[in-house]
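# Per-entry structural report
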Amino acid sequence: MSVAESRLHNGIRNGAQYLEGLRDDRDVWMQGEKVKDVTSHPGLCRGAETLARFMDRQFDPKYQDRVTYEDNGHRYATSHMVPRSVEDVIRRGDAFYEWATWSNGMFGRTPDYKNASVMAFAASAEFLAEGRPEFVDNMRNYYQFVRNNDQVLTHTLINPTYNFAQAKEGKYDAKVALEVVKETDAGIVVNGARLLATLGPHADEIEVFPSTLLKGSAENIPFAFAFAIPISTKGVRLICRDTYDHGKSTFDAPLASRYEEMDSVVIFENVLVPWERVFMYREPLLCNRAFADTNAVIHMMHQVVCGKLAKAEFIVGLLCAMAKATGKDKDMNVKGMIAEAMWMAESVRAFRFQAEALAAEDQYGTFVPQRRPLDTSRNTFPKMYPRLIEIVQLLGSSSLMATPAEADLTNDLADDVAKYFQTVNLNSEDRIALFRLAHDVAVSGFGNRQVLYERFFFGPQNIMASIYYDLYNKDDMIARVEELLKR
Ligand SMILES: Cc1cc2nc3c(=O)[nH]c(=O)nc-3n(C[C@H](O)[C@H](O)[C@H](O)COP(=O)(O)OP(=O)(O)OC[C@H]3O[C@@H](n4cnc5c(N)ncnc54)[C@H](O)[C@@H]3O)c2cc1C
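Residues numbered from 1 in each chain as written. Predicted model: local features only at pLDDT ≥ 70, side-chain atom pairs only at ≥ 80, totals over all residues. Heavy atoms only, no water.

### Observations concerning the packing of aromatic side chains
Note the cut-off: By convention, a stacked pair of Phe, Tyr or Trp rings (six-membered ring in the case of Trp) has centres within 6.5 Å and planes under 30 degrees apart, an edge-to-face pair has planes over 60 apart, and any other such pair is tilted. For the purposes of this entry, the term helix denotes a DSSP run of H or I that reaches at least four residues, the term strand denotes a run of E that reaches at least two, and both are numbered from the N terminus. Lysine and arginine charges are scored as sitting over a ring when NZ or CZ, respectively, is within 6 Å of the ring centre and within 35 degrees of the ring normal.
Following the criterion strictly, the structure yields 21 aromatic pairs and no others. Arranged with centres 6.2 Å apart and planes meeting at 85 degrees, the rings of Phe227 and Phe268 form a pair that is edge-to-face. In this pair, Phe227 is assigned in strand S9 (residues 225-230) and Phe268 in strand S11 (residues 263-274), connecting sequence segments 41 residues apart. Members of the aromatic cluster, each reached through a chain of ring pairs, are Phe121, Tyr142, Phe145, Phe209, Phe279 and Phe291. Over the ring of Tyr76 we find Arg147; its NZ or CZ atom is 3.7 Å from the centre of that ring. Its end group placed over the ring of Phe145, Arg277 keeps NZ or CZ at 5.0 Å from the ring centre.

Here it is in structure tokens:
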């Protein structure tokens, strides 16, 4: 079998194949310059390399059974598996969690996140027939394409806000928002901008869907669509934020040197989207229902809760290691601070457990994790994570600044460093390594971007909370209050 054939028959790609796929003429800009090759650009290459090594693990016997599954003799990422039982849901959760532990949740946008959404839309594709019948096949074909070719996806759901009062009413403005400007026999032509594509420069494809949260109004017809296209499509331009990978060693910047998943604003300049890649069109009210009615938002939340569990556990581990370094772990107050972090990790574990154990079949024959615990996690983790980081700062204090560089372990400062940076339980090198890690978690640009990400990546907290309130079954509880008042 030729390499091309084996790729066709095997729905998982290795790291080299993934990196090769990124070497196209994508239009990526960062810090004032056009990026020639994201796999060799100093601010982007190590993030790509990390994801490539993760892709390699799909072939590693140690992980393969967990992160891939077989279907008709071919192997695919487990995140593409359509769950037909509670056990399948748990298996998907185990795969999400496994992927997340590889970066301890610090590379949150691994491909399983978007795979969860594509799987859900394809499994419930009849929903799209409410728009146009041909969209059903478009979505099913797209799922097969992504699954068979192990594509890495990013997505962009939000139009830039031009006028807040208008945006609040669900109205978009053609001055900035992405809209359809022309229709041709070949497809639709779109023009405008979208916020924000995490992993954009490192992705093969971009999904451009309506928001999971922000609702468009009935007059938003030109802004109502869902489609997916290659990142390298003519007219697609990614404008990146500054990189947090400043080329430091893995000792000096243990996280930023490995897990830079770049965020980018996406500009579409008269981009032609072929009809076969369009999934919804000119139906704002259908777009508003899409993520909820297909349960895609629940499958995405499932991936997220598993990732947040790995991340919260990692912060607990970090705090315990920091406390142990100086023997602070014997102090009652310190134990109390770290116990608070432990409660958060255990809450997330409980959310995951309940959601999986109480998974149930939906109207499309797909098993879906229970929404409420996942929604609780989605609403509470944006508050938990900043608090976790605050605890790292409170416990770390000046040690977060007592962080000489790796070079100082061997240069003229070496004797001073060996003597003055040791603690009761750690030699200087190990102590500096630990607190440089804590610095990257809680003080560095990389660490602060993680906090912003956790606060916002699923949407504004007030809107998520108000949706949670609306979906909550309040009647039984109100009835109990009324019952007591009647007595
Ligand atoms: C690091 C990072 C990565 C991201 N990655 C992605 C991605 O990959 N794909 C993607 O599509 N998006 C992504 N996002 C965007 C994310 O979805 C948005 O940030 C989020 O929905 C908030 O929208 P906004 O940034 O436009 O903020 P705004 O809408 O301006 O909200 C900012 C604040 O304004 C207030 N506010 C907003 N709307 C209302 C309202 N209707 N009523 C009252 N108050 C309101 C809230 O207090 C909110 O906290 C990412 C964001 C960040 C920070």
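### Section: empty space enclosed by the protein
The test is simple: Put simply, the grid is 1 Å and covers the protein atoms alone, a cavity is a trapped set of points that fit a 1.4 Å probe, a pocket is an open set with protein on both sides within 12 Å along at least five of seven lines, and lining residues have an atom within 4 Å of a point. Grid points are joined across faces, edges and corners, and a volume is the space filled by probe spheres set on the points.
In total, this model carries 5 cavities of 30 Å³ or more according to the counting rule given. What the largest cavity holds in volume is close to 140 Å³. Along the walls of the largest cavity sit 16 residues, with Tyr172, Pro210, Ser211, Gly216 and Phe223 positioned nearest its centre. It is helix H9 (residues 284-293) that contributes the most residues to the lining of the largest cavity, 3 residues altogether.

### Quick look at the layout of surface pockets
For clarity, the cut-off: Amino acids outside the nonpolar list (Ala, Val, Leu, Ile, Met, Phe, Trp, Tyr, Cys, Pro) and the charged list (Asp, Glu, Lys, Arg) are all regarded as polar, and Gly is one of them.
Looking at the largest pocket, its volume works out to about 1,100 Å³. As for the largest pocket, its lining consists of 41 residues, and the residues nearest its centre are Ile158, Leu214, Phe456, Gly459 and Pro460. Taken together, the elements giving at least two residues each to the lining of the largest pocket come down to strand S5 (153-156), helix H8 (164-168), strand S7 (187-198), helix H15 (445-456) and helix H16 (461-471). When its residues are assigned to classes, the lining of the largest pocket shows 21 nonpolar, 12 polar and 8 charged.

### What to know about the nonpolar core
As a reminder, the rule being used: The criterion is simple. A nonpolar core is a set of buried Ala, Val, Leu, Ile, Met, Phe, Trp, Tyr and Cys residues joined through side-chain atoms within 4.5 Å. For every residue, the accessible area (1.4 Å probe, protein chains only) is compared with the maximum for its type, and the residue is labelled buried under 20%, exposed over 50%, or partly exposed between those bounds. Throughout, a contact is declared for two residues whenever any of their heavy atoms are within 4.5 Å.
Among the nonpolar cores identified, the biggest contains 134 residues, and Phe227, Phe268, Ile315 and Val441 are the most heavily contacted of them. At 18 residues, the largest contribution of residues to this core is made by helix H10 (residues 296-326). Residues contacting Ile315, with those up to four places away along its chain left out, are Met106, Tyr385, Leu388, Ile389, Val392 and Val441.

### Concerning the sheet that holds S5
What counts here: Strand pairing is defined by DSSP finding a minimum of two bridges between the two strands. Orientation is described by lines fitted to C-alpha atoms, with helices fitted over the stretch in contact, and by angles between N-to-C directions that extend from 0 to 180 degrees.
The strand order across the open sheet built from 4 strands is S5-S8-S9-S12, with neighbouring strands paired in mixed fashion. The outermost strands of the open sheet, each flanked by one partner alone, are S5 and strand S12 (278-281). Taken pair by pair, the neighbouring strands of this sheet meet at an average axis angle of 20 degrees, ignoring direction. Sheet analysis places S9 next to S12, joined by 3 bridges and oriented antiparallel. Among the inter-strand pairings, Ala226 is bridged to a residue of S12, identified as Met280. Across the sheet, helix H6 (residues 112-123) lies against S5, strand S8 (205-208) and S12, angled at about 75 degrees from S5, the strand it touches most. Seen against the sheet, helix H7 (residues 134-148) touches S5, S8, S9 and S12 and runs at an angle of roughly 145 degrees to S12.

### Brief notes about the pairing of S11
Where S7 meets S11, 9 bridges bridge the pair, whose relative direction is antiparallel. Directly across from Val189, in S11, lies its bridge partner Leu272. Here strand S10 (residues 236-240) runs beside S11; their pairing, made up of 5 bridges, is antiparallel. In the strand pairing of S11, Leu238 is matched with Val266.

These values are about where atoms sit, not about what they do.
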